[in-house]
Amino acid sequence: MTIYIESFLLQNVLINFCLLRLVFVSLKSKTNLFRLICASIIGAGFSVISAIFLSNQIILNILKFCCAIVILLIAFKQTKKQFIISLILLFLYTYALGGAMMNLTSTNYYTSFGVVSTSKFSLELITVIAIAITYLYELIAKHISIKLKTNNLIYPITLYAKNKKINLQAYLDTGNLLNYNGAPVIIIDIQSYLKLFDKNLIDYYLSKDDEIIANTVNGSDNLKLFKIDKIEIRVNKERKTFLNHYIAVSPNKFKNSNYQALLSPLNL
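Residues numbered from 1 in each chain as written. Predicted model: local features only at pLDDT ≥ 70, side-chain atom pairs only at ≥ 80, totals over all residues. Heavy atoms only, no water.

Novice: Help me get a handle on the nonpolar core, residues and values and all.
Specialist: Ile157, Leu159, Ile188, Ile233 and Leu263 are the most contacted members of the largest nonpolar core, which totals 24 residues. Put simply, the parts of the chain that give this core at least two residues each are strand S3 (154-161), strand S4 (164-172), strand S6 (183-189), helix H6 (190-197), strand S8 (219-235), strand S9 (238-250) and strand S10 (261-263). One finds Phe17, Val23, Val25 and Ala68 within the second-largest nonpolar core, a separate group that totals 23 residues. (Core = buried A, V, L, I, M, F, W, Y, C linked by side-chain atoms within 4.5 Å. Buried < 20%, exposed > 50% of the residue type's maximum accessible area, 1.4 Å probe, protein only. Helix = DSSP H or I, 4+ residues; strand = E, 2+ residues; numbered from the N terminus.)

Printed below as a string of structure tokens:
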């Protein structure tokens, strides 16, 4: 079988870059695109030199290990502990990606430096898709991380007014120190208010209730102020009850659809 050095080099650069991207997404070590590309090229150079000049398996394995150390040192700025974890992950991802490649191939050829595979799919295309998946995974991981942090600050609450009650999800806004005569104020969206008091928008805007100026994550506005009979806040397995509590109504819907109210830290 004829192997062109240009193809072999390009494939190794792409594979190395994919592996380093996987390590980066896993650990978020300090790096940049230039360092990753340089490390990938140098790692590919090791592969070419070994494939041409070396055949002894012991020396090859030692060279592979040294190559892994060199490309990690070039690619990332890490502590010793982070480096050891990166090295372990690099080998794990190498074998995992190698197994995936072999499953997509039709013929495997064993060379002095490893396995060369042929497939009805372009190996370059497969590695480019794998790299694209690492970027997609990074975006998804960021989104999930933000969601998890946000969800930790969401508490179920129940509002009581006359003979009606409504269950809401409330976000603990640490910047919401809104208070009226020293009492904390919870902000709810207008749809929840209309449902709780069984009113329409015309009744809301025509009402002559007190107003309060609020500066929260939802913006700054003059909000109408109301007093309701009771509020229950569930914190873990504990229920906190507040009688004759003040609520302010936001005329705008909250940007995050996971919650319909803003809690004050003073309530917790």
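Novice: Give a description of the pattern of salt bridges that names residues and reports values.
Specialist: A full pass over the atoms with the stated rule returns 2 salt bridges. With its nearest N and O atoms 3.7 Å apart, the salt bridge here joins glutamate 232 to lysine 230. The salt bridge partner of arginine 239 is glutamate 232, with a shortest N-O separation of 2.9 Å. Exposure remark for arginine 239: the relative accessible area of 51% places this residue in the exposed category. A residue is classified by how much of its surface remains accessible, and glutamate 232, at 13% relative accessible area, is buried. Linked by salt bridges that have partners in common, Lys230, Glu232 and Arg239 make up one network. (Salt bridge = Lys/Arg side-chain N within 4 Å of Asp/Glu carboxyl O.)

Novice: Break down the pairing of S6 for me, with residues and values.
Specialist: Judged by how many residues are buried, S6 sits mostly within the fold: 6 of 7 residues are covered. Sheet topology places strand S5 (residues 179-180) next to S6; 2 bridges connect them, and they run antiparallel. Within S6, the residue paired with asparagine 179 across the bridge is proline 184. For S6 and S9, the ladder comprises 5 bridges, and the chain directions are parallel. Bridge assignment links aspartate 189 to a residue of S9, and that residue is serine 250. Judged from the 2 bridges that link them, S6 and S10 form a sheet pairing that is antiparallel. The residue bridging isoleucine 188 from the neighbouring strand is alanine 261, located in S10. (Pairing = 2+ DSSP bridges.)

Novice: Residue-level account of the packing of aromatic side chains, with values.
Specialist: Applying the stated criterion to the full structure yields 7 aromatic pairs. Between tyrosine 171 and tyrosine 259, the ring centres sit 5.1 Å apart and the planes meet at 20 degrees, which makes this aromatic pair stacked. Of this pair, tyrosine 171 sits in strand S4 while tyrosine 259 sits in the loop between S9 and S10, and the two are 88 residues apart along the sequence. On the basis of relative accessibility, which here comes to 17%, the residue tyrosine 171 falls in the buried class. (Phe/Tyr/Trp six-rings, centres within 6.5 Å; stacked < 30°, edge-to-face > 60°.)

Novice: Summarise the environment of tyrosine 204; cite the residues concerned and give the values.
Specialist: Examined against the element boundaries, tyrosine 204 turns out to sit in helix H7 (residues 201-206). For the pair tyrosine 204 and proline 251, spaced 47 residues apart in sequence, the C-alpha to C-alpha distance is 9.7 Å.

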